[in-house]
Each structure stands twice: as structure tokens, then as C-alpha cells.
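Residues per chain are reported as follows:
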Amino acid sequence: MSLSLHFMQQHERFQQQEIEAQARQHREFDKDFASWAEGEGVIKHQATTQLQVFELATALEEAGINNKAECYQKLRALDQLTNQAMWLVVHMTYAKHVFLDGRDLAPEDFKRDPQGHTGGSLNMVPAYAAYLAVNSITGIHRDWLMGQGHCVAAVDALQLLTGTALADRKKEYPLTDLGLSHFVQDFYNYRVRPDGKPLSPLGSHVNPNTAGAKIEGGYLGFAGLQYVHMPQAGERLVAFLSDGAFEEQRGSDWAARWWRAQDSGLVSPIMIANGRRIDQRTTVAQQGGSDWFIDHLKHQGFAPFVIDGQDPAAFVCAIYFMEQHLQHAGDAVENGEACYPVPLPYCIAETVKGYGFPGAGTNAAHGLPLGSNPRRDSDALSFFHAGAKALWQPQEHWQSAVQLLTQPKVPMLPVAVTINRQDPQWQSDAIAPMAAIDNYFVDLVEVNPELKVRVGNPDELRSNRMSQTLDLLKHRVTDPEEGVAESLDGKVITALNEEAIVSACLANQSGINIVVSYEAFATKMLGAIRQAIIFSRHQKEVGEPAPWLGLPIVSTSHVWENGKNEQSHQDPSLAESLMGEMADMSRVVFPADGNSAMACLKACYGDLGVVWNIVAPKSVMPQVFDARQAEALIHDGAVCVRGHCGADLQLVACGAYQLQQALKASDRLKEKGVAHSLIYLLEPGRFRAPRDGYEAEIMAPSSVMETLFPARVQQRVFMCHTRPEVVLGHARMLDLGPQRSIALGYVNQGGTLDADGLLFANRCTWADALAALAKLAGVEPTDWLSAEEWAAICGQGDPYDVIRHPYPPEVQA
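Residues numbered from 1 in each chain as written. Predicted model: local features only at pLDDT ≥ 70, side-chain atom pairs only at ≥ 80, totals over all residues. Heavy atoms only, no water.

Engineer: Lay out the overall build of the protein in plain terms, naming residues and giving numbers.
Structural biologist: A count of helices and strands for the protein gives 33 helices and 18 strands. A compact globule built from 813 residues would reach a C-alpha radius of gyration of about 28 Å, and the protein, at 31 Å, matches this within 12%. Summarising its shape, the C-alpha atoms of the protein cover approximately 100 × 65 × 45 Å along the three principal directions. The burial tally for the protein puts 60% of its 813 residues in the buried class. Counting only contacts in the protein whose residues sit at least 6 apart along the sequence, the fraction spanning at least 24 positions is 77%. Summing over all exposed atoms, the protein offers an accessible surface of approximately 31000 Å²; the carbon and sulfur share of this is 49%. (Helix = DSSP H or I, 4+ residues; strand = E, 2+ residues; numbered from the N terminus. Rg over C-alpha atoms; globule rule 2.2 N^0.38 Å. Buried < 20%, exposed > 50% of the residue type's maximum accessible area, 1.4 Å probe, protein only. Contact = heavy atoms within 4.5 Å. Areas by Shrake-Rupley, 256 points an atom, 1.4 Å probe, with all protein chains shown as cover.)

Structure follows, in C-alpha cells:
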């Protein structure tokens, strides 16, 4: 442990009198230190923080970064900026007019309907202001991440005041009374543009209009799962977390298991511990507060310490010393003086929710701390004036502070991650689609050695046919087991927690990633995936498309091949949910064989800022498509497998097992001399009625519609991997209506069955498809089915007249 971080942890053990005495000596000896130590507005500096600042200034001077006087001057500027930003934040919630001279507002200067997450935003101001200050003091840029995205007012206010906001925002909201009044009026503006988008670029949560934003932070807890995987080696990241979010997602306390200096930058996690959720104390507070949490973190491999979360200088010290500690720890491992895992620094910033304004510490502080609207309530008006006066800084003071806290240049990053996507080794023999994905992924990793790799694995990667990937990349562990594919620097992030492992891949935005999961349990990833694709879509809409490679979420051991594990393991919900998202951001595909699976993976890595849900069997499947057909599937979204598309009757299969059943149905129709066509539908979302221009751009070409799904088709039966209504709804352009279309698929039937048993239970066999087509065509089912087959699917005969018996006769004997 570095001396500096050790010093911060030991302060709590010193006698308070000794701390006070040492701080007093520094104040008496150094007038610049004393000037800063006086504090400003609502910012007070405890003796403990004063000693931490003295050590910081000493360390910076010894390193030749700043002399002590410059450090203290910048920290005094930080106090002034923090107060002014808090002043602006409360105006964002309550006021519609802003006056930089700090005059009292009249009742009509307040909003009719004030809105905001005021308490948390006030708590975030000292933290984010300190982030800006430590960048300025050290001359080093850091990225930032905020898990409590609803506290965006703090970031937006500080970026505007400091000139670090995006150019369009600075132009829209000049730092004048009129400009800032416009700014606060646009906060929770609610108005809509003619195109249906929000009129205001300000959001209730972080959005791409906030400079440096990485996630929305609307789903609490995911920042805690992602921060350790985000920065590349040589980069720095400050992650702002919340005590309320800590209880939201399991896995944030595993971060120390994953950090490695060779592929992870310096991370500084900071929990804003204000002790309150919306209407009660957090679980951390109920368990025993910071003392309990420190013990918990120590057991998880962290080096936790507590700071005064009301003092921005304490945050500056924490960020600097955490980075120093982590750098020294990584160097010690490299020099053979230590081993992984290293104790990961973790800062707990204790504060009161809404500190610095009336109503702090109450349940009301979460949103509207005054409890009433100053526009209509004289008591609330008086409280607002008193609170604002305590925060207000003269304009020349905070503007001078901004000049002192100039920011280092942000490094120029590539516009997008680039990858060499060679052609797959196309297959001609039967192979498990998952094995084909495994082959191709390993090839991609080997020809792109510059890309940081993350494989998200809840469990059973080898069972899911990804053996080559596992043998090459190995589980990342802290104590490798002999004879097992484990390594200290493994690239496979394995944890029985779907949210944690998908977050590892979502965070690795400069590398190549893949997530492999049982289909049923992949549903748990939905919140994290949805947050990513929504944010990426917003980036596209503001003209700043996300730079990260497409992320394949591979759903395998899926509903049709997981009968042995009961209905808990038979769930296509993730694919169904993701088909409901915008089709240009959420690509849901159902490869039917090895070649189509590899084609999907190749296409995924050719996308940017997009998630591909690849629903692929791990069982060996016949090879249906050659290289040309597989690529046509990607290009067109569907392909003709058999027959002439001008025939009256059409079978449409979507899913590997469904295609095999459709082929059997087609065989029978061919045997009976019935003209028909069989289409394989890879991506239903490309045949929807597009909901906006971006979706329209990726819809299947009209020529594909005219060729594969011509208007002359009279009857169409769909055989779906998912619940049938889902495909009918999303592939709306293919639905001929209830009199001419029937969809078969998963209808929530199952149990301990094999694949054929599941198909039979869900009325999705080849015989069911023929019966449905006969019904639409007005043909007797027994024209195409034997009496025994018809009786079987009517529930009156032997199922094994239609499906294979799980135990052939010789085995039964």
C-alpha cells in the first residue's frame, strides 16, 4: 500500500486533538494554506481533510507538478466553483429566471412545476468539481462515469460554468442572465419537437449532450459493474457510484478480482454515501453505515477509506492518492514484489443527502427538498432565498476560479474501433453452430492482437461448445487451478451473474467482446443491454455515433434444446424483448447452421454501437447454407431454401429447429406434388413496419420483399423459435392476416423433454405446419397426413407417429 493512501486510512485512528493541532500548525505556518482552510460558503474543511490536502500539496511539489501555493490557490478556486454550481443546481430545479447578481427571486420567477433529483445532484457537485480540479492540478485528463445518472444537473451545471460543455451547449446557453434563464427553463422542459424528439437537449439523466458521457446511469448499479473494465492501460477513469445503487446489482464488489495493470487503466471508484434512497435509508445505512461497508469491502479485496463527502478538496486528495496507490501496486506486481489481486482503492464519501441547502437529510431531499413550491408558499420562498444566499458567489469570483482550473487537452481518440474481419472457414459438413462461432471467434482474436478481449461467461462455456475460446483465453482468476483453463490474466470473465458478465463486455468499448449464455438466463442481461443500445441510439441521433464494435450476445442451450432442464430453462424472452427495441440498434438473428452463424458474427463486428442477439444451437445441425447463401441471409434478412416463391403456399421458418421441421414438411408436400416455397427468415426485425428513418435504412430491400414474399402468395405458415405472436407482430409486412397466415412457435409448454418432445408439446412439428397450411388452403389435413399422424397432432394418437422416440427400440430392449 502506498504511504499516501495508508495515511488517509490512518487519520481516523489519530486522536482528534492531535489532528487539530497539526492542522493548526500548518495554518499558522502557511498563509496560503490558511486562506484555503477558511472554506467558502457552505464548504467547510475538517482538520482531517486539511492534513490530507497538506500531504497532497507536498507530494505535488516534490513531483514537480505544482508548488504548494498554486495547489492551495486552485483548491480555493474549487470551493468557489462548487458553491456557484450548487447555486445553479437549485435554480435548475426551482427557478425559471436566473440573476447572476444573486438578488432574491420573486414568486413569479419560479417554475409552476419544479422537478429535479436535487439532493443527489447537490451531493455530486463537490465530487464532479473535484474531478475537474484534479485534472487541472495534475495536468492529466481523466474520463468519468456516473452511476446515478439522475444527478446529471451537477455535471451539466459545472460543465456550463467551466466551459467544458459541448460547443453547441455553450452557444445555446451563454453565461448571462438570459442564457442561464434559458438553461434552467430547458431543464425538465417536457416540450416535444415536431419530429417527436425532446425539444430540450437537457435530460433528466445523462445523455450524449453531456460532454464525456459514457452511460445514461438510469439503471442503477451497472456503473459499479462496468468501471473496472472500461479504461485501457494508460488511461484513467473516475467512477462516481451511489450507496443506493450498491444494493441494486450483485457483482460490483468483485471489481478487485478483475483489475490487472496490463489491460486496465487506473480506476478511482467513489461512492457518494448519503444514506438515503427515495423514501428511506439505504441498506448500507441500515446495516451499520460506513463501518459495516468498510468491513464488507475489505473482505472483497478492496482498500476502502472514508472522506468528508461535503468537501471537494477531500475528493481531490482521494482521486490522486487512489491513482498513486494503484500505480504502485501494479508496478510491484510487475517487479515480482506482489501478486494479484491487489487491494483496489475504494473511496466512501460520507455526506447528507442534499447537503448545502434547506431540507438536507430528509426524504424530500431526493427530489424537492423545500417540500413546497416557492412560487406559492412564502415559507418555501424564504428557505430558498436563505439557501441560495449561502451558496451564491460574485460573478468575478467564480469566473476567476474557472480561469485557474483550466482543463488539460482531451486525448484524440479514434473515431471508431477497427477490426480485421477475414472470411470464416466455411463449412460443408454438419457442425454445431456454436462450434462454428467458436472457430471463427478464435481466428478473429488471433488476427487482431491489438484489441483487448473480453468474453462474458455466466457458466458452462465449454458445454456451450466454446472450448477453443476457453483454452486460448482462459478464465480470469486470482488463484489458477492446475489442469483447468484458468489464468491470472485470462480474458474470460466468469461469474454466475449475467448482469456482471455482460457489463464486462459492454464496458470494454475499445476492444472485441462476446457474451455466451444459456438463452433462458440471458434475459437477466436485458436492463444492461437496453441501457447501452438506448444511449448508443441517442449518440447516433446527435451525430456522434458510438465507436465500439458490435457486441454479440449469443443465446444458446436455448428453448428447443434445453428440455431436460424443465421450463425454467425454456425461455425465448430476451430475443423477444430485443426485437421490440429499435431494429438498427438491436439485431436479433436466428442462424440455422454453422455457416449462417459465422456470417452473423462477422456482420456483428462490422457494426458499431449495436448489439446482436445471436440465437444459436449448441447441438450439431445439418449444413443447409453455403457461403454465398449465408452472406445473402445477412444482406437480405431471408433466403429461399426450396421451391418457387410464386407458389400459392409458403412455409417460413425462423430458428434452426424450426427449419429442420419445415424441411420435413416440405418433403411431404413435394411427395404429394404440392407446389410451395420454403423461406428461411434470419432476422424478423428487418421486415417490420419501420418506426423511424434509422430503422427504415436497415429494412430488407424492396426487391427482397418482391422476390421472396410476393403478393401472389395466398397462404403463409410461420414456424418460429420464439412465441409466434412476437414474430407476427415484428415482421408485420409478412403477415397476410388471420385468414391467410398462421404462426406456430413456443406456446409456454414444456417440461423434462427432448427437442422433439418440446416441438410436439408446443404444436410446432412438421405435421402441425402441414395441418395449419391445409386449414388456410381449405384442404383436408389427411390429404397430406396419414390418419395416424393427424390423430397424433390432434392429441388422440401416438406422438411418436410424428416425432422421434427418445429411446429407439433396440435401446428399449
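Engineer: Residue-level account of the sheet that holds strand E1 (residues 143-146), with values.
Structural biologist: Each strand in a sheet pairs with its neighbour through backbone hydrogen bonds, running either in the same direction (parallel) or in the opposite one (antiparallel). Across the sheet, which stays open at both edges, the five strands sit in the order E1-E2-E3-E5-E4 with parallel pairing between neighbours. Either end of the sheet is taken by a strand with one partner, and the two such strands are E1 and strand E4 (302-308). Across this sheet, the average inter-strand angle for adjacent strands is 20°, counted without regard to direction. Relative to strand E2 (residues 236-242), E1 runs parallel, the two being bridged by four bridges. Bridged to Trp144 within E2 is Val238. Contacting E1, E2 and strand E3 (266-273), helix H6 (residues 118-138) runs over the sheet at an angle of about 175° to E2. (Pairing = 2+ DSSP bridges. Axes fitted to C-alpha atoms, helices over the stretch in contact; angles between N-to-C directions.)

Engineer: Break down the side chain of His385 for me, citing the residues and quoting the values.
Structural biologist: Relative to the elements of secondary structure, His385 occurs in helix H16 (residues 378-391). Not counting residues up to four positions away in its chain, the partners in contact with His385 are Asp104 and Leu105.

Engineer: Give a detailed account of the sheet that holds strand E18 (residues 741-744), specifying residues and quantitative values.
Structural biologist: Taken together, five strands build an open sheet; the order of strands is E14-E16-E15-E17-E18 and the sheet is mixed. Strands at the two margins of the open sheet, each flanked by one partner only, are strand E14 (638-643) and E18. Strand after strand, the sheet turns through a mean of 20° between neighbouring axes, direction not considered. Sheet strands in contact with helix H26 (residues 656-671) are E14, strand E15 (649-654), strand E16 (677-681) and strand E17 (715-720), and its direction is about 155° off that of E15. Across the sheet, helix H31 (residues 766-777) touches E15, E17 and E18, and the angle it forms with E17 is around 155°.

Engineer: Any chance you could break down the environment of Leu225 for me, citing the residues and the numbers?
Structural biologist: Relative to the helices and strands, Leu225 is located in helix H10 (residues 222-226). Distance from Leu225 to Arg250, taken between C-alpha atoms, is 8.3 Å for residues 25 residues apart in sequence. Residues contacting Leu225, with those up to four places away along its chain left out, are Gln249, Arg250, Gly251, Ser252, Glu499, Ala500 and Ser503.

Engineer: An account of the pattern of salt bridges is needed here, citing residue identities and associated values.
Structural biologist: In total, this model carries 28 salt bridges according to the counting rule given. A salt bridge links Arg193 to Asp195; its shortest N-O distance comes to 2.7 Å. Given the relative accessible area of 35%, Arg193 is considered partly exposed. Its salt-bridge partner being Glu498, residue Lys524 comes within 3.1 Å of it at the nearest N-O pair. Here Lys524 is found in the loop between helix H21 (519-522) and helix H22 (526-541), whereas its partner Glu498 is found in helix H20 (residues 498-507), with 26 residues between them in sequence. Under the relative-accessibility criterion, Lys524 is labelled partly exposed at 41%. Connected via shared salt-bridge partners are Lys197, Arg537, Lys540, Glu541, Asp584 and Asp692. (Salt bridge = Lys/Arg side-chain N within 4 Å of Asp/Glu carboxyl O.)

Engineer: Provide a residue-level description of unusual backbone geometry, including the pertinent values.
Structural biologist: Along the chain, Tyr340 connects to Pro341 via a cis peptide bond; the corresponding omega equals 0°. With respect to the helices, strands and loops of the structure, Pro341 is situated in the loop between helix H15 (312-334) and strand E5 (344-350). The phi dihedral of Tyr188 is positive, around 55°, even though this residue is not glycine. In this structure, Tyr188 sits in the loop between helix H9 (177-186) and H10. Of note in the backbone geometry, Arg763 takes a positive phi value of approximately 55° without being a glycine. In this structure, Arg763 sits in the loop between helix H30 (755-761) and H31.

Engineer: Lay out the pairing of E17 in plain terms, naming residues and giving numbers.
Structural biologist: The element E17 is extensively covered by neighbouring structure, given that six of its six residues are classed as buried. Sheet topology places E15 next to E17; six bridges connect them, and they run parallel. What sits directly across from Val652, in E17, is Phe718. Judged from the four bridges that link them, E17 and E18 form a sheet pairing that is parallel. Looking across to E18, one finds that Val717 is bridged to Ile742. Since E17 and E18 lie parallel, the crossover through helix H29 (residues 724-730) that links them has a hand, and here it is right-handed. (Right-handed = clockwise from strand over helix to strand, strands pointing away.)

Engineer: Mind laying out H20, listing which residues take part and the relevant values?
Structural biologist: Where burial is concerned, most of H20 is hidden: ten out of the ten residues are buried. Among the residues of H20, Glu498, Glu499, Ala500, Ile501, Val502, Ser503, Ala504, Cys505, Leu506 and Ala507 are the ones counted as buried. Near the N-terminus of H20, the side chain that reaches the backbone nitrogen of Glu499, with its oxygen 3.3 Å away, is that of Asn497. (Polar contact = N/O pair within 3.5 Å; in protein donor to acceptor, adjacent residues only side chain to side chain.)

By themselves these figures say nothing about function.
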